[in-house]
Amino acid sequence: MSTTKKTTSALDSAPAAPAAPHVSIVIPVYNEEGILQGSVLELREKMRPFGFSYELLLCENGSRDLTVEIGKQLESQYPEVRLLSLGEPNYGAAMKMGILAAKGTFVVCDEIDLVDTEFYARALALLERTETDLVVGSKAMVGSNDQRPLFRRTATLVYNGMLRAVCQFRGTDTHGLKAFRRELLLDTVNHCILDKDVFASEFVIRAHREGKKVVEIPFTVREKRPPSIRLLKRVPHVLKSVARLAVAVRKTDAG
């Protein structure tokens, strides 16, 4: 009898498992020592008015500067920050790693040089109040404000035109910010076979083809620094990956 009482008492005193956060913010980072700490502090301040729990997943991938050290320091200072490290430069794989590690009801994929919480508010309102499954921030639709150099804006239009031509993509952008209900899109993420620059495109295109309700909203692109990888250097890999993507999504349709 006394043994039973002791067991019950021990169970009652065990700490409860921490509740899952309402939102997981996934941000790939690569050689961001110059803006990482400032951007995280800015994001924390911007998140205060929301009033819900969140986690920030910094998905480091192959940085050669002090990004990892700064990330570890931020993780030790702020309980909502988690540092994940991939070990190789791969934006798409880092984003996928973060999404699969996320614990929140909703996932927001952002960029360290944007931290656009206005997008969070609009996207979460759609996800919580409508039947929307995935919200994509489009740099190319009417109402957007893309402040990047003309060369990069033109490259985005050409790239999206390629996706429409070879993958029958029905939207205006795949590389903008994203927000979605995690449990509804995890299978979509797991089905993606491409990485680096094209993972984000495959994710959005597969969501469309799987019948998910995808909604685009315009947003403002105001970057804090030039891209960490030169655009022209990425072109050969992107062309090959788009060809692979076209084959992959057609196989999915055939299956």
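The model shown is predicted, which means the values in this text are computed figures rather than measured ones.

Caption draft 1: Local environment of the pairing of strand β3 (residues 81–85). As defined by bridge partners, strand β2 (residues 54–60) adjoins β3 across five bridges and the pair is classed as parallel. Directly across from L56, in β3, lies its bridge partner V81. A crossover connection joins β2 to the parallel β3 through helix α3 (residues 67–77); in handedness this β-α-β unit is right-handed.

Caption draft 2: Up close: the pattern of salt bridges. For the coordinates displayed, the defined rule picks out nine salt bridges. Here R44 and E80 are joined by a salt bridge, their closest N and O atoms 2.4 Å apart. Residue R44 is found in helix α2 (residues 36–47), and its partner E80 is found in the loop between α3 and β3; the two are separated by 36 residues along the sequence. Side by side, R44 and E80 carry an identical accessibility label, which is buried. R82 is the partner of E55 in a salt bridge, and the nearest nitrogen-oxygen pair spans 2.8 Å. Of this pair, E55 sits in strand β2 while R82 sits in strand β3, and the two are 27 residues apart along the sequence.

Caption draft 3: Examining the side chain of E55 more closely. The class of E55 is buried, set by a relative accessible area of 6%. The residues touching E55, leaving out its near neighbours within four places in the chain, are P21, V23, S24, I25, E80, R82, A102, K103 and G104.

Caption draft 4: Summary view of the confidence of the model for the chain. Counting all residues, the mean pLDDT for the chain is 89, and 89% of those residues have values of 70 or more. In this model, residues 1–11 is a region of pLDDT below 50 whose contacts with residues beyond four sequence positions or in other chains number zero contacts.

Caption draft 5: Here's a closer look at the side chain of E80. On the basis of relative accessible area, E80 is assigned to the buried category, the value being 13%. Only 2.4 Å separates the side chain of E80 from the side chain of R44, close enough to count as a polar contact. When residues no more than four places from it in sequence are discounted, the contact partners of E80 are R44, Y54, E55 and L56.

Caption draft 6: The arrangement of helix α5 (residues 117–129) in detail. Over its 13 residues, α5 extends 18 Å from the first C-alpha to the last, a length consistent with the 18 Å expected when each residue adds 1.5 Å. Along α5, the residues classified as buried are T117, F119, Y120, A123, L124 and L127. Within α5, the buried residues cover an arc of 130° as seen down the axis, which keeps them to one side. Residues of α5 that are exposed and point more than 90 degrees away from the buried face comprise E118 and R129. Contacts made by the buried residues of α5 are with β1 (23–29), α2, β4 (106–109), β5 (134–138), β7 (178–181) and β8 (214–218). A distance of 3.2 Å separates the backbone nitrogen of E118 from a side-chain oxygen at the start of α5, and that oxygen is part of D116.

Rules of the game
- Residues numbered from 1 in each chain as written.
- Predicted model: local features only at pLDDT ≥ 70, side-chain atom pairs only at ≥ 80, totals over all residues.
- Heavy atoms only, no water.
- Pairing = 2+ DSSP bridges.
- Helix = DSSP H or I, 4+ residues; strand = E, 2+ residues; numbered from the N terminus.
- Right-handed = clockwise from strand over helix to strand, strands pointing away.
- Salt bridge = Lys/Arg side-chain N within 4 Å of Asp/Glu carboxyl O.
- Buried < 20%, exposed > 50% of the residue type's maximum accessible area, 1.4 Å probe, protein only.
- Contact = heavy atoms within 4.5 Å.
- pLDDT = per-residue confidence, 0-100.
- Polar contact = N/O pair within 3.5 Å; in protein donor to acceptor, adjacent residues only side chain to side chain.
- Expected span 1.5 Å × (residues − 1).
- Arc of directions from axis to C-beta.

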